[in-house]
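Examining the three-dimensional arrangement
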Amino acid sequence: MTAQDKASGRRIFFRAAVLVFLLMFLSACATVPLTGRQQLQLVSEPQILKLSLQNYREILKKSKLSQDREKVEMVNRAGRRIASATEDFLRKSGLEHELQNYSWEFKLIDDDETANAFCMPGGKIAVYSGLWKYSRDEAGLAVVIGHEVAHAVAKHGSERMSQALLVQLGGIALAVAVAEKPSETKQLYLAAFGAGATIGIMLPYSRQHEYEADRIGLTLMARAGYDPREAVGLWQRMNEESKGKRAPEWLSTHPAPEARIEAIRSFLPEARQYYRPAGGGRRP
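Residues numbered from 1 in each chain as written. Predicted model: local features only at pLDDT ≥ 70, side-chain atom pairs only at ≥ 80, totals over all residues. Heavy atoms only, no water.

**Examining the overall build of the protein chain**
Across its full length, the protein chain carries nine helices and five strands. Each helix (α) and strand (β) of the protein chain, taken in turn from the N terminus, gives the series α-β-β-α-α-β-β-β-α-α-α-α-α-α. When burial is assessed residue by residue, the protein chain has 43% of its 284 residues classed as buried. (Helix = DSSP H or I, 4+ residues; strand = E, 2+ residues; numbered from the N terminus. Buried < 20%, exposed > 50% of the residue type's maximum accessible area, 1.4 Å probe, protein only.)

**Quick notes on the pairing of strand β5 (residues 124-128)**
For a regular strand, the rule is simple: side chains alternate between the two faces of the sheet. Counting buried positions along β5 yields five of five residues, so the element is predominantly enclosed. A two-sided burial pattern is seen for β5, the buried positions comprising Lys-124, Ala-126 and Tyr-128 on one face and Ile-125 and Val-127 on the other. Linking two consecutive strands that pair antiparallel, namely strand β4 (residues 117-120) and β5, is a turn of three residues; a positive phi of about 105° is found at Gly-122 within it. (Pairing = 2+ DSSP bridges.)

**Topic: empty space enclosed by the protein**
Per the counting criterion, the structure on display carries one cavity of 30 Å³ or more. Empty space within the largest cavity amounts to approximately 50 Å³. As for the largest cavity, its lining consists of Val-143, His-147, Asp-214, Gly-217, Leu-218, Met-221, Ala-231, Trp-235 and Ile-264. When residues of the lining of the largest cavity are traced back to their parent elements, those giving at least two are α5 (138-153), α7 (183-223) and α8 (230-242). The leading source of residues in the lining of the largest cavity is α7, at four residues. (1 Å grid on protein atoms, 1.4 Å probe; cavity = no way out; pocket = protein on both sides within 12 Å on 5 of 7 lines; lining within 4 Å. Points joined across faces, edges and corners; volume = space filled by probe spheres on them.)

**Quick look at the pattern of salt bridges**
Two side chains that carry opposite charge are able to pair once their charged atoms sit near each other. Enumeration over the complete set of coordinates arrives at 20 salt bridges. In this structure, Asp-110 engages Lys-64 in a salt bridge whose closest nitrogen and oxygen atoms are separated by 3.6 Å. Of this pair, Asp-110 sits in the loop between β3 (105-109) and β4 while Lys-64 sits in the loop between α2 (45-62) and α3 (69-92), and the two are 46 residues apart along the sequence. You can call Lys-64 exposed: its relative accessible area is 55%. The salt bridge partner of Arg-80 is Glu-73, with a shortest N-O separation of 3.1 Å. For Arg-80, a relative accessible area of 43% translates into the label partly exposed. Put simply, Glu-73, Arg-77, Arg-80, Arg-81 and Glu-138 are held in one network by salt bridges that share partners. (Salt bridge = Lys/Arg side-chain N within 4 Å of Asp/Glu carboxyl O.)

**What to know about the sheet that holds β4**
Spatially, the three strands line up as an open sheet ordered β3-β5-β4, and their pairing is mixed. Only two strands of the sheet have a single partner each, and these edge strands are β3 and β4. With strand direction ignored, the average angle separating the axes of adjacent strands in the sheet is 15°. As paired strands, β4 and β5 are joined by four bridges and run antiparallel to one another. What sits directly across from Ala-117, in β5, is Val-127. Along the sheet, α3 makes contact with β3 and β5, crossing β3 at roughly 145°. The strands that α5 touches are β4 and β5; relative to β4, the one it contacts most, it runs at about 35°. (Axes fitted to C-alpha atoms, helices over the stretch in contact; angles between N-to-C directions. Contact = heavy atoms within 4.5 Å.)

**Examining the environment of Ser-162**
Tracing the backbone through its elements, the reader meets Ser-162 in helix α6 (residues 156-177). Judged by its relative accessible area of 0%, Ser-162 falls in the buried class.

**A short note on α5**
Each full turn of the α-helix corresponds to 3.6 residues, which orients residues three or four apart in the same direction. Counted at 1.5 Å a residue, the expected span for α5 with its 16 residues is 22 Å, and the 21 Å between its end C-alpha atoms agrees. Most of α5 is tucked away, with 16 of its 16 residues classed as buried. Here α5 starts with a cap whose side-chain oxygen sits 3.3 Å from the backbone nitrogen of Ala-139, and that cap is Asp-137. (Expected span 1.5 Å × (residues − 1). Polar contact = N/O pair within 3.5 Å; in protein donor to acceptor, adjacent residues only side chain to side chain.)

**Here we look at the confidence of the model for the protein chain**
Within the protein chain, residue pLDDT values average 79, and 69% of them lie at 70 or more. Counted against residues more than four places away or in other chains, residues 171-178, with its pLDDT under 50, gives 15 contacts. A low-confidence stretch, residues 247-252 stays under pLDDT 50, and its non-local contacts, those more than four residues away or across chains, total 15 contacts. (pLDDT = per-residue confidence, 0-100.)

**Digging into the packing of aromatic side chains**
Under the counting rule described, the total for this entry stands at three aromatic pairs. Across from the ring centre of Tyr-274, 4.3 Å away, lies the NZ or CZ of Arg-223, which sits over that ring. Here Arg-260 stacks its cationic end above the ring of Trp-235, 3.9 Å away from the centre of that ring. (Phe/Tyr/Trp six-rings, centres within 6.5 Å; stacked < 30°, edge-to-face > 60°. Lys NZ or Arg CZ within 6 Å of the ring centre and 35° of its normal.)

**Comments concerning α3**
The end-to-end C-alpha separation of α3 is 34 Å, in line with the 34 Å expected for 24 residues at 1.5 Å each. For α3, the set of buried residues is Met-74, Val-75, Asn-76, Ala-78, Gly-79, Ile-82, Ala-83, Ala-85, Thr-86, Phe-89 and Leu-90. One side-chain oxygen at the N-terminal end of α3 lies 3.2 Å from the backbone nitrogen of Glu-70; it belongs to Asp-68. Immediately downstream of α3, the backbone of Gly-94 shows phi near 75°, a positive value.

Written out as structure tokens, the structure reads:
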């Protein structure tokens, strides 16, 4: 095969890759509930559910579950209320068909050094005991659970996997396009692409997901009968703890705390439309 044939083959491959990207992008768009944002979904729901269940089981195998009955019951109670509100939210959003994907489960992991929580796609929720110093009570716990469930409802995990897949395919196409360049030039192109994809695509999307989960989570907790204004105090407490320890926002997967709190305040009027205190009555 001549050098001209090889170059022609690379051009054909590059054009085919671009066409594949376009077809994948156009055929795999979905809409996030409440926000209406269009998102990329290249990974099937069964694949995501299977993978998330495997990860959830692996985490539980390696973790010690809390025996604190009062706190365990609080996690279960807040979890059940958020889950019920989520199901109602999905029905009213025309997404009742997605309820079949949820099999709710709530766990409290005994780890005072970890202030974290997660909700796997499918409704598998775990809260780490280190979160109590920030959540303090059931309403604060509902802020966190609502936020994590919102990630699942918005299918952020699947979207991030889809973005990573697209970036990987883009890297392959770029490698083919610069195949004839000197080695140093190729390395420079590929390194720039990797940094650009991370800083310019992946991290901003991660921050967008956090804002989106805050907005949806506030609505879920309000629908569950928890005052969404509790979110401001929780994030203020977390901000105080993390001062001086965070990377600049543009290098972080999460928004800067001050910007996040400001955004949460802007979301409150929307969320409070749905707030009715548990047991009935008018919202204050």
